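Fold and geometry: a report
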Amino acid sequence: MPEAGNEGADSTVAVDAVDFAGHLIRCPSVTPAEGGAIDVLESTLGALGFTCHRLRFEEAGTDPIDNLYARIGTAAPHFCFAGHTDVVPVGDAAAWTVGPFDGAVRDGLLWGRGAADMKGGIAAFVAAAARIIGEHGGNPPGSISLLITGDEEGPAVNGTTKVLDWMEAAGEIPDACVVGEPTNPNALGDMMKIGRRGSLTGTLTVLGTQGHVAYPHLADNPIHHLLRMLEPFAHGQLDEGTAHFQPSTLAVTTIDVGNPASNVVPAKATAVFNIRFNDAHNSQSLERMLRDSFDQKGARYELVTSCSGESFLTEPGRLSTLIADAAESVVGRRPELSTTGGTSDARFICRMCPVVEFGLVGQTMHKVDERVAIADIRSLTDIYAALLRRFLA
Ligand SMILES: [Zn+2]
């Protein structure tokens, strides 16, 4: 894989976070397209003195994906910024106020697909790192790295998990990591995510015996079995929550029988459900719990589960405190520690080091007219720089 060394590094390279975010938005990197976004990052980080590793991964049945791992410095402590350059599709392009890939600034806002999720955050990573590098004449204390994937919004098969495998094999183990997802609901400094719930989807198929509705003793109705098997979970909640998590939930998303006849007992019935689970469970314990419960009802059934991510928690500690201190020093507020919301690549990174998510305001992510305040991009840059100073000190 190509590698760029420190030759030509220039500690006077300044990066304007808003300009750089606009540059990234103009790279149309809808998953799985690289769109030039990784190229832009690689050349800018190389000029700043980072050693860049372009990591292209592929496997049968998936699109090849370009990723980037870049590090400056070899000493401890090692701080890592993680994020993704890929973006979701624009949706109704005609509904956008400005072109989704124009990267235009208007009314104090930077507009475009990825402005919030999460090219604005990546631009703040780079601008903050450039500032710290400049403050130390090109040789910052410790090490700063960026783990950038082009496969977060897609299947996430050729992205962060494979970069982490590569990092482990290369002995590249950070001491802490911040993922720059847009974690703030309303204003910068509202919220950081110290963990996320896991997600497990189950497909339950109950097998009965088809027959005439007037002779039910000659049939075996799988729908009746299915209802009894789901009944213990019908209240939708699996526990009372834990110290840092909401209760785990189970939502039935569909029940399918496909029976067009009102005088026939069908042969089988299927339900699909999704469980969002806290740190009291994992995918294996949940499957055991489900099978134990279903077995008690005595019906013949098949259960297929798939887990898109286990729950994880970075216990409140040094990393979350440093982020809160840095945020408070810039915006005057300490972010709430939360585990709410969907999943992110932090669910993979947690296997390697403490990981917390903190980025821009997420109100417009994945929407038409995605946009962020340019003042927020500048403040987030200040927060990341303050965090680096504290962490590397
Ligand atoms: Zn994202």
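Once a new chain begins, its residue numbering starts again from 1 and follows that chain's sequence as written. Owing to the predicted nature of the model, reporting of local features is limited to residues with pLDDT of at least 70; listing and counting of side-chain atom pairs is limited to 80 or more, with chain, interface and lining totals taken over all residues. Note that the side-chain values use all heavy atoms of the structure and ignore hydrogens as well as water.

**Things to note about the coordination of the zinc ion**
To keep things clear, this is the line we draw: Sodium, potassium and calcium take a 3.2 Å donor cutoff, other metals 2.8 Å, and in both cases only N, O and S atoms count; water is not among them, so sites may look incomplete. Only DSSP runs of H or I covering at least 4 residues are called helices, and only runs of E covering at least 2 are called strands; the numbering of each starts at the N terminus. Relative accessibility thresholds used throughout: buried, under 20% of the residue-type maximum; exposed, over 50%; partly exposed, between the two (1.4 Å probe, protein chains only).
H84 (NE2), D117 (OD), E181 (OE) and E181 (OE) make up the full set of protein donors to the zinc ion, lying at 1.8 to 2.7 Å. Motif for the zinc ion, donor spacing along one chain: H-x32-D-x63-E. With H84 in strand β4 (residues 78-84) and E181 in the loop between β8 (176-179) and β9 (191-193), this pair connects stretches of sequence that are 97 residues apart. Both residues of the pair, H84 and E181, count as buried.

**Considering the domain arrangement of the chain**
The condition is simple: What counts as a domain boundary in this text is fixed by an automatic or database domain assignment. Throughout, a residue-residue contact means that at least one pair of heavy atoms, one from each residue, lies within 4.5 Å. Summed over both partners, the accessible surface that disappears when two parts come together, traced with a 1.4 Å probe, is what is meant by buried area. The term salt bridge refers to a pairing of a side-chain nitrogen on Lys or Arg with a carboxyl oxygen on Asp or Glu at a separation within 4 Å. In this count, Pro and Cys sit with the nonpolar residues alongside Ala, Val, Leu, Ile, Met, Phe, Trp and Tyr, while Asp, Glu, Lys and Arg are called charged and the others, Gly among them, polar.
Domain boundaries in the chain define domain 1 (3-196 + 311-392) and domain 2 (198-309). The interface is formed by eleven residues belonging to domain 1 together with eleven residues belonging to domain 2. Summed over both partners, the interface of domain 1 with domain 2 buries about 810 Å², with 58% contributed by carbon and sulfur atoms. Broken down residue by residue, the surface that domain 1 buries against domain 2 is led by S311, L313 and T339, which jointly contribute 52%. Put simply, domain 1 and domain 2 have zero salt bridges between them. In terms of residue class, the side of domain 1 that touches domain 2 is made up of four nonpolar, four polar and three charged.

**A short note on the environment of T74**
Assignment of secondary structure puts T74 in the loop between β3 (65-72) and β4. Given a relative accessible area of 77%, T74 falls into the exposed group. Separated by 69 residues in sequence, T74 and S143 have C-alpha atoms that sit 5.8 Å apart. Excluding anything up to four places from it in sequence, T74 contacts G142 and S143.

**Things to note about the pairing of β8**
Going by this rule: DSSP bridges decide pairing: two strands pair if at least two such bridges lie between them.
Burial of β8 is two-sided: the residues A176 and V178 facing one way and the residues C177 and V179 facing the other way are all buried. Relative to β8, β4 runs parallel, the two sharing four bridges. The partner of A82 across the bridge, within β8, is V179.

**Topic: the packing of aromatic side chains**
Under the convention used in this document: Aromatic contacts are taken between Phe, Tyr and Trp rings whose centres are within 6.5 Å, Trp giving its six-membered ring; a plane angle under 30 degrees counts as stacked, one over 60 as edge-to-face, and the others as tilted.
In total, this model carries eight aromatic pairs according to the counting rule given. Measuring from ring centre to ring centre gives 5.1 Å for F79 and F391, while their planes differ by 65°; the resulting arrangement is edge-to-face. Of this pair, F79 sits in strand β4 while F391 sits in helix α9 (residues 374-392); the two residues are 312 residues apart in sequence, bridging distant segments of the chain. F391 gets classed as buried once you look at its relative accessible area, which sits at 4%. Judged by centre distance (4.5 Å) and plane angle (20°), the rings of F81 and F125 are stacked. Of this pair, F81 sits in strand β4 while F125 is found in helix α3 (residues 115-135), placing the two residues 44 residues apart along the sequence.

**Topic: the packing of helix α7 (residues 318-331) against α9**
Where we set the bar: Interaxial angle, 0 to 180 degrees, is taken between N-to-C directions of lines fitted to C-alpha atoms, where a helix line uses only the stretch in contact. Should an angle fall under 35 degrees it is called roughly parallel, over 145 degrees roughly antiparallel, and 65 to 115 degrees roughly perpendicular, with every other angle called oblique. Here a crossing is called left-handed whenever its near helix is offset anticlockwise from the far helix by less than a right angle, and right-handed whenever the offset is clockwise.
Remark: α7 packs on α9, axes separated minimally by 8 Å, with the N-to-C direction vectors making an angle of 135°. Taken together, the axes of α7 and α9 are oblique relative to one another. Along this stretch, α7 crosses α9, giving a crossing that reads as right-handed. Residues R318, L322, I323, D325, A326, A327, S329, V330 and V331 of α7 pack against S379, D382, I383, A386, L387, R390 and F391 of α9.

**A word on the sheet that holds strand β6 (residues 109-111)**
Pairing in this open sheet of three strands is antiparallel, and the strands run β5-β6-β20 from one edge to the other. Every interior strand has two partners, whereas the edge strands, β5 (105-106) and β20 (371-373), have only one. Pairing between β5 and β6: two bridges, direction antiparallel. Bridge assignment links V105 to a residue of β6, and that residue is L110. This element, helix α1 (residues 17-25), spans β5 and β6 of the sheet and lies at about 15° to β6.

**Some details on the state of the cysteines**
Note on terminology: a disulfide is the covalent bond linking the sulfur atoms of two cysteines. Worth spelling out the cut-off: Disulfide assignment relies on a single distance test, namely cysteine sulfur atoms paired within 2.5 Å.
If you walk through the whole model with that rule in mind, you get zero disulfides. Between C80, a cysteine without a disulfide, and C177, which holds the nearest cysteine sulfur, the sulfur-to-sulfur distance is 4.1 Å. Among the residues examined, C80 registers a relative accessible area of 1% and is labelled buried. Looking at C353, it has no disulfide partner, and the nearest cysteine sulfur is the one in C177, 5.2 Å off.

**A closer look at the sheet that holds strand β11 (residues 198-207)**
Strand order across the open sheet formed by four strands is β13-β15-β11-β16, with antiparallel pairing between neighbours. Edge positions in the open sheet fall to β13 (249-256) and β16 (300-309), since each of these has one partner strand only. With strand direction ignored, the average angle separating the axes of adjacent strands in the sheet is 20°. In this sheet, strand β15 (residues 268-277) lies alongside β11 in antiparallel orientation, the contact comprising ten bridges. What sits directly across from G198, in β15, is F277. Most of the contacts of helix α5 (residues 222-230) go to β11, to which it runs at about 150°, and overall it touches β11, β13, β15 and β16. Contacting β11, β13, β15 and β16, helix α6 (residues 283-295) crosses the sheet at an angle of about 160° to β16.

**Comments concerning the environment of P266**
With respect to the secondary-structure elements, P266 resides in the loop between β14 (264-265) and β15. With relative accessibility at 10%, the residue P266 sits in the buried group. Contact partners of P266, with chain neighbours within four places excluded, come to T209, Q210, D220, N221, P222, I223, V257 and N259.

**A closer look at the packing of α1 against α3**
It is at 8 Å that the axes of α1 and α3 come closest, and there the two elements cross at 135°. One element, α1, and the other, α3, form an angle in the oblique class. The crossing of α1 and α3 is right-handed. Touching A17, F20, A21, L24 and I25 of α1 are A115, K119, G120, I122, A123, A124, V126 and A127, all from α3. Residue classes in the contact of α1 with α3 are distributed as eleven nonpolar, one polar and one charged.

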